[in-house]
Amino acid sequence: MSVVTHESRVGSVELAIGGMTCASCAARIEKKLNKLDGVSATVNFATESARVSFPAAVSAGDLISVVEQAGYTAAAPARRQAESAEPGTAEPGAAEPGAPEPGAPEPAAAETGEPDGLRRRLLVSAAMAVPVVVLAMVPAWQFRNWQWAALVLASPVAVWGAWPFHRAALVNARHGAATMDTLVSVGVAAAYLWSVYALFFGTAGQPGMRMSFAWLAPGSGSGATYLDVASGVTVLILLGRYLEARAKRRSGAALRALLALGAKDVAVLRDGAEVRIPVGQLAAGEEFVVRPGEKIAADGVVVSGGSAVDTSMLTGEPVPAEVGPGDAVTGGCVNAGGRLVVRAVRVGADTQLAHIARLVTEAQMGKAPVQRLADRISAVFVPVVIGVAVTTLAVWLAAGQGAGAAFTAATAVLIIACPCAMGLATPTAILVGTGRGAQLGIVIKGPETLESTRAIDTIVLDKTGTVTTGRMRLVDVAAAPGTDPADVLRRAGAVEDASEHPIAAAIAAGARDRLGAGLPGAGLPDAGLPGAGLPGAGLPGAGLPGAGLPGAGQFASHHGLGVTALVEGHTVSVGRPGWLESEWGTTVPAPLAVRAAQAQQAGQTAVFTGWDGQIRGLLVVADTVKPTSAEAVGRLRALGLRPVLLTGDNERAARAVAAAVGIDEVIAEVLPAGKVDAVKQLQATGRVVAMVGDGVNDAAALAQADLGLAMGTGTDAAIQASDLTLVRGDLLAVPDAILLSRRTLATIKGNLVWAFGYNAAAIPLAALGFLNPLIAAAAMAFSSVFVVTNSLRLRRFQPALAQASGR
């Protein structure tokens, strides 16, 4: 993906880098690019790509030239220029005609993750090298003149099999650089050329020569050959590269699966007919049809139809969501039920799926602070190793140990010292961790976030929309003595159905649902809020199964007081008790007054209704707690975090919600601007604060917090200000995100400990003559594969919902 912006005349581009074979290659390219004035580059060995920011005086072509001059290849995928952009600029996410659309899978040739050339070279080299190694290790099988047969078999391996290393070493030498390939090439060439010398000019070519395997040294002097080392090392390193390539491919599989979610074509409604077109031609505002089993082509709003939409691949939520007219749907999700007609709102690169893919890609391109040390070491590692090998050779010769022993020790140093493990330790873990997060609806915006999750000790939760649903719901209905609760529900619901007030909408919706279910008094679940189940919560009523709300006429609104309308021949009023009492000259019946006091104590809102001059009933509405909020708070505590509830609501309502979910510390009645101050005050006491929010008024606090987590169901401003975006609106995603981030960071550190420890222990052992070069090659290959496969364990991370269900 190539992205070029022109804010302050600065652009950025992502380059695909070819020819890198180890972390020192990445360090070298990064150093070359950063030497350009105004250029800031980050090169990632695992993703084989570079993200470069550059001033207007530098072009993408200049960057590619620098990479090519360093001996590597670079390319930026072509993009269509936007009409509004200046010449030479590209529109973010815009693709050339014929280029893969956002969400399109990669070419099939790339799906295997097994470069055919590398695989073929490995198999042919192994077929020739195995007999050479076996003959060198088993004296009983060494027939007369076996060494010459070994030379015939080993020569193609040492020359053709190892040619990628030799070629890269020559290219690097031409540019005055040394990389991992230099170590391998020098080691293999030295072993092979020494063997040729020993065969033709020493005593190794004499009939009847015998050799045996040794852990320390395969032989000494001109009477021994190293053909087994030259061929065996080549095969082992080729095997390591092959396994590494496959593992790296698997580490990016999660992101590729995410990208493959997008639909490829779409049935658009034009002039009343369905026209199937490529998804890239769909325009915002157009209506399209989604049949059962099809993917939704773009983010939009349902115009007609109803269905269940499977959002699991995007949000990690296993339960399909029911949608109908007016509901928003997300591109990439699967229509699991009926036929839908959707009006496109965001298409192409503007969709949520494409946005998530960009964020994950950028996170995988970045480098965590913990990686900087590894990069600095890798940059100087190869020259240091060559120096150690030369010193080892000189010391052994000076000690009179013989040329063969000296050569063996020096070769082992060259071969075992592989910086690849250090270079792969961090990026592979980030690749897998961020990719797995994307599958679960957790978008980690940058590797720096991983460090932040380890340090936080306090988590501030915005109440509305985060802990609670953010929508008022009817939670209780109570009727005065002698009044049918069904009448209260039906008539009050009819009046409120004509109002646009949020409380009125909640009452009307609740009345419609309860009457349709035949349960006017039992009510909807209260989601654990205090006060539920109190007197009046389950008053009996006949109910009207299947019935809707009656019509309301002569509707009138009394601002701040209530509403009235004519329903079923009665003038029905709904509103504040004081208003009704003053209008009718009556008082609230005692049972209703008790229930109202209980509702207010629980932080709920009580609305009274009546007709014919009498107060007849009470309706209680509340912003209900999400079903999983209490469990999420418990999991946050288990992670060692101290939860704090932050809200602009009154203290009583805030305390009720906090008690329902298990939060002790509450900061209430805070204005939107005051949320930033609340976070600052917590930080001033020495706390490291994470903030979870979803609204525009949370954006500043999310940015101020040490770690910001935005619910993906919230506003764009909150999402942009956060470090982690939780695509699903479930608070359980918060502990999942923190736990995944911490495990990813722990994996990185484990990889680095192994990589540093391996080299710190192996190089001295090799220099002291305690390692056969063949064993050194196997250990080197194993070290690189180890850090990659260790990172792949993150693919098994399961969210809380999956763990609870046993999936």
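> Please clarify how the overall build of the chain should be interpreted in this entry.
Helix and strand counts for the chain come out as 28 helices and 26 strands. With 807 residues in all, the chain has 52% of them scored as buried. Long-range contacts, defined here as pairs at least 24 residues apart, represent 70% of the contacts in the chain between residues at least 6 apart. Just so you have it, the chain exposes about 32200 Å², and 58% of that area is on carbon and sulfur atoms.

> What exactly am I supposed to notice about helix H20 (residues 590-601) here?
Between its first and last C-alpha atoms H20 spans 17 Å; for twelve residues at 1.5 Å apiece the expected length is 16 Å, and the two agree. Considering only its buried residues, H20 is in contact with strand E16 (468-479), strand E20 (605-611) and strand E21 (614-625).

> When you look at unusual backbone geometry in this model, what are you seeing that I'm missing?
One can expect most non-glycine residues to show negative phi and most peptide bonds to be in trans. With a phi angle near 55°, Glu 568 is a residue other than glycine that sits in the positive phi range. Mapped onto the elements, Glu 568 comes out in the loop between strand E18 (562-567) and strand E19 (570-575). One non-glycine residue, Asp 612, lies in positive phi territory at about 55°. Position of Asp 612 relative to the elements: it lies in the loop between E20 and E21. Note on Asp 612: relative accessible area 47%, which makes it partly exposed.

> Explain the nonpolar core to me, please; I cannot follow it from the model alone.
Within soluble globular proteins, side chains that are nonpolar tend to cluster in buried spots. Core analysis: the biggest nonpolar cluster contains 50 residues, and Leu 183, Val 188, Leu 227, Val 385 and Val 413 have the highest contact counts within it. When residues in this core are grouped by element, the largest group, nine residues, is from helix H7 (residues 180-201). Excluding residues within four positions of it along the chain, Val 188 makes contact with Ala 158, Ala 162, His 166, Ala 230, Val 233 and Thr 234. With 43 residues, the next largest nonpolar core counts Ile 456, Leu 641, Ala 658 and Val 666 among its residues.

> I keep staring at the packing of helix H15 (residues 448-455) against helix H26 (residues 733-767) and nothing clicks. Help me out?
Two quantities define a packed helix pair, namely the angle between the helix axes and the distance between the axes. Where H15 meets H26, the closest approach of the two axes is 8 Å, and the angle between their N-to-C directions is 110°. In terms of their interaxial angle, H15 and H26 are classed as roughly perpendicular. Residue-level contacts link Leu 450, Glu 451, Thr 453 and Arg 454 of H15 to Ile 738, Ser 741, Arg 742, Thr 744, Leu 745, Ile 748 and Lys 749 of H26. Taken together, the residues of the contact of H15 with H26 sort by class into four nonpolar, three polar and four charged.

> Just to check I follow, could you spell out the confidence of the model for the chain for this structure?
Note that predicted coordinates carrying low pLDDT should not be read in detail. On average, residues of the chain carry a pLDDT of 75, and 76% of them reach 70 or more. Confidence, expressed as mean pLDDT per element, reaches its minimum in the chain at helix H3 (residues 108-111) with 35 and its maximum at helix H5 (residues 146-161) with 94. A low-confidence stretch, residues 1-9 (pLDDT under 50), is modelled with 25 contacts involving residues beyond four sequence positions or located in other chains. The low-confidence segment residues 218-222, where pLDDT is below 50, has 20 contacts with residues more than four positions distant or belonging to other chains.

> How should I be thinking about the packing of aromatic side chains in this particular structure?
To describe a pair of aromatic rings, one takes the distance between the centres and the angle between the planes. Within the structure shown, the criterion is met by four aromatic pairs. Judged by centre distance (5.2 Å) and plane angle (80°), the rings of Trp 148 and Phe 200 are edge-to-face. Here the residue Trp 148 occupies a position in helix H5, and Phe 200 occupies one in helix H7, the gap between them amounting to 52 residues. Since its relative accessible area comes to 28%, Trp 148 is described here as partly exposed. In textbook terms, an aromatic cluster arises when at least three aromatic residues are bridged by ring pairs, as seen for Trp 194, Tyr 197 and Phe 201. Sitting over the ring of Trp 160, Arg 121 keeps its end group 4.7 Å from the ring centre. Here the basic side chain of Arg 491 rests over the ring of Trp 611, its NZ or CZ set 4.7 Å away from the ring centre.

> Can you walk me through the sheet that holds strand E10 (residues 321-323) in this structure?
The strands making up a sheet are joined through hydrogen bonds of the backbone, oriented either antiparallel or parallel. Ordered in space as E10-E9-E12, the three strands form an open sheet in which the pairing is antiparallel. This sheet does not close on itself; its edge strands, each paired only once, are E10 and strand E12 (334-335). Where strand E9 (residues 307-310) and E10 come together, three bridges link them in antiparallel fashion. Its bridge partner being in E10, Ala 308 is matched across the sheet by Glu 322.

> Please clarify how the sheet that holds strand E11 (residues 328-329) should be interpreted in this entry.
One open sheet accounts for six strands, arranged E6-E5-E7-E13-E8-E11; its pairing is antiparallel. At either end of the open sheet lies a strand with only one pairing partner, and these are strand E6 (273-278) and E11. Examined bridge by bridge, strand E7 (residues 287-290) and strand E13 (residues 340-346) share four bridges and lie antiparallel to one another. Bridge pairing in E13 places Phe 288 opposite Val 342.

> What am I meant to see in helix H2 (residues 60-69) here?
Note on helix geometry: an α-helix contains 3.6 residues per turn, so any two residues three or four positions apart are oriented the same way. Looking at H2, one finds that the buried residues are Leu 63, Ile 64, Val 66 and Val 67. Projected onto a plane normal to the axis of H2, the buried residues spread over an arc of 155° and lie on a single side. After H2 finishes, the residue Gly 71 shows a positive phi value of roughly 100°.

> Explanation requested: the pattern of salt bridges in the structure shown.
When their charged atoms lie close together, side chains carrying opposite charge are able to pair. Under the definition given, this model contains 18 salt bridges. Across the pair Arg 635 and Asp 736 runs a salt bridge, and its minimum N-O distance is 3.1 Å. Here Arg 635 is found in helix H21 (residues 629-638), whereas its partner Asp 736 is found in helix H26, with 101 residues between them in sequence. Each of the salt bridges in this network shares a partner with another, and the network as a whole consists of Asp 487, Arg 490, Arg 491 and Glu 568.

> When you look at the side chain of Asn 790 in this model, what are you seeing that I'm missing?
Mapped onto the elements, Asn 790 comes out in helix H27 (residues 773-792). A polar side-chain atom of Asn 790 sits 2.7 Å from a polar atom in the side chain of Asn 751. Among residues more than four places away in sequence, those in contact with Asn 790 are Thr 747 and Asn 751.

> What's the story with the environment of Val 329 in this structure? I'm lost.
Relative to the helices and strands, Val 329 is located in strand E11. Since its relative accessible area comes to 6%, Val 329 is described here as buried. C-alpha of Val 329 to C-alpha of Val 302: the two residues are 27 residues apart in sequence and 7.1 Å apart in space. Aside from chain neighbours lying at most four places away, what touches Val 329 is Ile 296, Ala 298, Asp 299, Gly 300, Val 302, Val 309, Val 323 and Val 342.

> I tried to follow the side chain of Lys 626 on my own but got confused; where do I start?
Positionally, Lys 626 belongs in the loop between E21 and H21. Look at Lys 626 and you get buried, because its relative accessible area is 12%. If near-sequence neighbours (up to four positions away) are discounted, Lys 626 is found in contact with Gly 465, Thr 466, Val 467, Thr 468, Thr 469, Met 711 and Gly 729.

> Looking at this model, I keep getting lost on the packing of H21 against H26. Mind explaining?
Viewed as axis vectors pointing N to C, H21 and H26 meet at an angle of 25°, and their least axial separation amounts to 8 Å. Judged by the inter-axis angle, H21 sits roughly parallel to H26. Contacts between H21 and H26 pair Ala 632, Arg 635 and Leu 636 from the former with Val 734, Pro 735, Asp 736, Ile 738 and Leu 739 from the latter. A class-by-class count of the residues in the contact of H21 with H26 yields six nonpolar, no polar and two charged.

> When you look at the environment of Val 692 in this model, what are you seeing that I'm missing?
Structurally, the position occupied by Val 692 is in strand E24 (residues 689-693). Its relative accessible area of 0% is what places Val 692 among the buried residues.

> Just checking my understanding: could you explain a nonpolar patch on the surface for this structure?
Side chains of Tyr 197, Phe 200 and Phe 201 sit close together on the surface and give an oily, nonpolar patch of about 390 Å² of accessible area. Residue position: Phe 201 is located in helix H7.

Calculation rules
Residues numbered from 1 in each chain as written. Predicted model: local features only at pLDDT ≥ 70, side-chain atom pairs only at ≥ 80, totals over all residues. Heavy atoms only, no water. Helix = DSSP H or I, 4+ residues; strand = E, 2+ residues; numbered from the N terminus. Buried < 20%, exposed > 50% of the residue type's maximum accessible area, 1.4 Å probe, protein only. Contact = heavy atoms within 4.5 Å. Areas by Shrake-Rupley, 256 points an atom, 1.4 Å probe, with all protein chains shown as cover. Expected span 1.5 Å × (residues − 1). Core = buried A, V, L, I, M, F, W, Y, C linked by side-chain atoms within 4.5 Å. Axes fitted to C-alpha atoms, helices over the stretch in contact; angles between N-to-C directions. Parallel < 35°, antiparallel > 145°, perpendicular 65-115°, else oblique. Nonpolar A, V, L, I, M, F, W, Y, C, P; charged D, E, K, R; others polar. pLDDT = per-residue confidence, 0-100. Phe/Tyr/Trp six-rings, centres within 6.5 Å; stacked < 30°, edge-to-face > 60°. Lys NZ or Arg CZ within 6 Å of the ring centre and 35° of its normal. Pairing = 2+ DSSP bridges. Arc of directions from axis to C-beta. Salt bridge = Lys/Arg side-chain N within 4 Å of Asp/Glu carboxyl O. Polar contact = N/O pair within 3.5 Å; in protein donor to acceptor, adjacent residues only side chain to side chain. Patch = residues over 30% accessible without salt bridge, like charges linked within 9 Å, V, L, I, M, F, W, Y side chains within 5 Å.

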